[in-house]
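Below are the chains, spelled out letter by letter.
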Amino acid sequence: MQSNIIKAHLALFATHVIYAANHFIAKGIMPEKVNPNALVMFRVIGAGLLFWAIKYFIKERVAKKTFLNWRCVVYLELR
């Protein structure tokens with residue numbers, strides 16, 4: 001129980017550090033060097049690569065029904 005609480009607090013701390021660094025970096029480079037749309041795209045691609053890398057360390061099975069539901073949601077959002 002104590003170990004889970006420590007892991008949760010470390011994860012929250014890491015999240016806050018990432019948000020703080022992201023804000024600091026974005027505020028410094030956004031208006032002059034990088035277009036805001038490009039910065040958002042870098043963030044999305046970076047997050048996707050990070051989650052893709054983490055996927056190899058955490059093995060979790062997802063039901064095929066869930067993928068079908070996800071595709072339906074994406075289709076309806078893109079319409």
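Residues numbered from 1 in each chain as written. Predicted model: local features only at pLDDT ≥ 70, side-chain atom pairs only at ≥ 80, totals over all residues. Heavy atoms only, no water.

- You'll find the protein chain entered in an unreviewed UniProt entry as Permease of the drug/metabolite transporter (DMT) superfamily, with Jejuia pallidilutea given as the organism.

### Concerning the overall build of the protein chain
- Looking only at helices and strands, the protein chain features three helices and zero strands.
- Starting at the N terminus and ending at the C terminus, the protein chain contains elements arranged as α-α-α.
- Against the compact-globule benchmark of 12 Å for 79 residues, the protein chain has a radius of gyration of 17 Å, which places it well outside the compact range.
- Dimensions of the protein chain along its principal axes, counting C-alpha atoms only, are 45 × 45 × 20 Å.
- Looking at the protein chain as shown, the accessible area adds up to about 7900 Å², and 71% of this sits on carbon and sulfur atoms. (Helix = DSSP H or I, 4+ residues; strand = E, 2+ residues; numbered from the N terminus. Rg over C-alpha atoms; globule rule 2.2 N^0.38 Å. Areas by Shrake-Rupley, 256 points an atom, 1.4 Å probe, with all protein chains shown as cover.)

### Observations regarding the layout of surface pockets
- Estimates place the volume of the largest pocket at around 410 Å³.
- What lines the largest pocket is a set of 15 residues, among which Ile18, Asn22, Arg43, Ala47 and Leu50 lie closest to the centre.
- At the level of elements, helix 1 (2–29) and helix 2 (36–55) are the ones that each hand at least two residues to the lining of the largest pocket.
- Per-element accounting of the lining of the largest pocket gives the leading share, eight residues, to helix 1.
- In terms of residue class, the lining of the largest pocket is made up of 11 nonpolar, three polar and one charged.
- Both domains that furnish three or more residues to the lining of the largest pocket are identified here as domain 1 (1–33) and domain 2 (35–78).
- Roughly 290 Å³ of volume is contained in the second largest pocket.
- Residue lining of the second largest pocket: Lys55, Ile58, Lys59, Glu60, Arg61 and Val62, and that is the complete set.
- Partitioning the lining of the second largest pocket into residue classes produces two nonpolar, no polar and four charged. (1 Å grid on protein atoms, 1.4 Å probe; cavity = no way out; pocket = protein on both sides within 12 Å on 5 of 7 lines; lining within 4 Å. Points joined across faces, edges and corners; volume = space filled by probe spheres on them. Nonpolar A, V, L, I, M, F, W, Y, C, P; charged D, E, K, R; others polar. Domains from an automatic or database assignment.)

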